[in-house]
Amino acid sequence: MMQDILKRLEQTRNELTQIIEQVPVHLFNLPEREGAWSIGQVCQHLVMTELLFTKAIKQGLAADDLNAPSRRIDLLANEKRKFESPDFAKPQKDEVLTYEIMNKKLTETRRSLLNVIEGEEDLTIFNRKAAKHPFFEELSLKQWIELLYIHEARHISQILRIKRLLES
């Protein structure tokens, strides 16, 4: 099961990097409208989120076993359902971002996450351990990892929408 989750993480990340690599430089930091995030800022949010998820997973691994109930994390996939990003995961407004910078940061955060996961001999530990999530309450660490690719897929759709609007 964990191998399937890791494969999905890899697939969404590959899709993301292929898409953002195709974004013209002059559009990378341009929001679709006033107050909205640019493609670069969406990528920055994904980096910040992955760092936070990795930290939560590390903390969960250090805690006692806790069989958290399975949550409907697939709700996050629906872009029509609005979630307000917590302040600590919001991108910087005045930072100029490039594909190269964001791709490097995305690679670094993914490597950190995979190091934590691959550091465990018994991958079933992710089913037995949990950590508190800002929206979903107690989540098993397995669901934290699943949520990461669901979250990334949601933002891939957002990036594609922003790109279409900016290019039209």
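The present account deals with the structure reproduced in this document. (Residues numbered from 1 in each chain as written. Predicted model: local features only at pLDDT ≥ 70, side-chain atom pairs only at ≥ 80, totals over all residues. Heavy atoms only, no water.)

Attention now goes to the layout of surface pockets. Of the voids in this model, the largest pocket is the one considered here, and its volume is about 850 Å³. Forming the boundary of the largest pocket are 36 residues, of which Trp37, His45, Phe83, Glu84 and Ser85 lie nearest the centre. Counting residues per element, the ones that place at least two in the lining of the largest pocket are helix H2 (39–62), strand S1 (130–133) and helix H5 (141–167). Considering every element that reaches the lining of the largest pocket, the biggest residue donor is H5, with 8 residues. Classifying every residue of the lining of the largest pocket by side-chain character gives 17 nonpolar, 9 polar and 10 charged. (1 Å grid on protein atoms, 1.4 Å probe; cavity = no way out; pocket = protein on both sides within 12 Å on 5 of 7 lines; lining within 4 Å. Points joined across faces, edges and corners; volume = space filled by probe spheres on them. Helix = DSSP H or I, 4+ residues; strand = E, 2+ residues; numbered from the N terminus. Nonpolar A, V, L, I, M, F, W, Y, C, P; charged D, E, K, R; others polar.)

Following the criterion strictly, the structure yields 1 aromatic pair and no others. Taking 4.9 Å as the distance between ring centres and 80 degrees as the angle between the ring planes, the aromatic pair formed by Phe53 and Trp144 counts as edge-to-face. Of this pair, Phe53 sits in helix H2 while Trp144 sits in helix H5; the two residues are 91 residues apart in sequence, bridging distant segments of the chain. Taking relative accessible area as the criterion, Phe53 reaches 7% and is therefore assigned buried. (Phe/Tyr/Trp six-rings, centres within 6.5 Å; stacked < 30°, edge-to-face > 60°. Buried < 20%, exposed > 50% of the residue type's maximum accessible area, 1.4 Å probe, protein only.)

Under the counting rule described, the total for this entry stands at 15 salt bridges. What emerges from the salt-bridge pattern is a single network uniting Arg13, Glu50, Arg110 and Glu152. (Salt bridge = Lys/Arg side-chain N within 4 Å of Asp/Glu carboxyl O.)

With respect to the element layout, His45 can be found in helix H2. In terms of polar contacts, His45 uses its side chain to reach the side chain of His155, at 3.3 Å. (Polar contact = N/O pair within 3.5 Å; in protein donor to acceptor, adjacent residues only side chain to side chain.)

What follows is about the nonpolar core. By size, the foremost hydrophobic cluster in this structure holds 26 residues, and its most contacted members are Ile57, Phe126, Trp144 and Ile145. Broken down by secondary-structure element, the contributors of at least two residues to this core are helix H1 (2–21), H2, helix H3 (99–118), helix H4 (125–128) and H5. Tallying contributions element by element places H5 first for this core, with 7 residues. If we ignore the near neighbours within four places in the chain, the residues touching Trp144 are Phe53, Ala56, Ile57, Ala131, Lys132, His133, Pro134 and Leu139. Of all hydrophobic cores here, the second largest spans 20 residues; its members include Leu16, Trp37, Leu106 and Leu166. (Core = buried A, V, L, I, M, F, W, Y, C linked by side-chain atoms within 4.5 Å. Contact = heavy atoms within 4.5 Å.)

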